[in-house]
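These are the residues of each chain, in order.
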Amino acid sequence: QVQLVESGGGLVQAGGSLRLSCAASGSMFSINAMYWYRQAPGKQRESVAVVTSEGTTNYADSVKGRFTISRDNAKNTVYLQMNNLKPEDTAVYYCNAEVQLTFPGRLYDYWGQGTQVTVSS
């Protein structure tokens, strides 16, 4: 069974920085794209950033220029460096991975448990 474990959330003042990590473990063949999502109270979950297995990245407009997603394929880990944080970044952040369990085989979606990020003004 594949597990995603996030870490790095916390409380920070506006303008500060945090770095989130998400490590995938378990039996798998490969990981395709890895994502960070977030969900604020009373709002729908939204995509924040994505990084493909080749390293191509894409960001939500609201975080462009402030957040950086990266991954270490040897460690099956994805990171989210968050700089110049704003109160509106407050949310539970979730990582998501598209995992191929066997070759050949289809992709399966896995989610982490979420980590709270709170930005005070």
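Overview of the structure.

## Examining the sheet that holds strand E1 (residues 3-7)
- If you walk across this open sheet you meet the 4 strands as E1-E3-E8-E7, and the pairing is antiparallel. Of all the strands in the sheet, the pair left with one neighbour each is E1 and strand E7 (67-72). Between one strand axis and the next, the sheet turns by 15° as a mean value, whatever way the strands run.
- Relative to strand E8 (residues 77-82), E7 runs antiparallel, the two sharing 6 bridges. By the bridge assignment, Ser-70 is partnered in E8 with Tyr-79.

## Remarks on the pattern of salt bridges
- The tally for this structure, following the rule as stated, stands at 4 salt bridges.
- Of the charged contacts, one joins Asp-61 and Lys-64 as a salt bridge, the two residues approaching to 3.2 Å between their closest N and O atoms.
- We note a salt bridge from Arg-66 to Asp-89, for which the minimum N-O separation is 2.7 Å. Of this pair, Arg-66 sits in the loop between strand E6 (57-59) and E7 while Asp-89 sits in the loop between E8 and strand E9 (91-100), placing them 23 residues apart in sequence. Neither Arg-66 nor Asp-89 differs from the other in exposure class; each is buried.
- When salt bridges with common partners are traced through the structure, they connect Arg-38, Glu-46, Arg-66 and Asp-89 into a single cluster.

Here is what the cut-offs are and how they apply
Residues numbered from 1 in each chain as written. Predicted model: local features only at pLDDT ≥ 70, side-chain atom pairs only at ≥ 80, totals over all residues. Heavy atoms only, no water. Pairing = 2+ DSSP bridges. Helix = DSSP H or I, 4+ residues; strand = E, 2+ residues; numbered from the N terminus. Axes fitted to C-alpha atoms, helices over the stretch in contact; angles between N-to-C directions. Salt bridge = Lys/Arg side-chain N within 4 Å of Asp/Glu carboxyl O. Buried < 20%, exposed > 50% of the residue type's maximum accessible area, 1.4 Å probe, protein only.

Remember that the coordinates give geometry; whether it matters functionally is a separate question.
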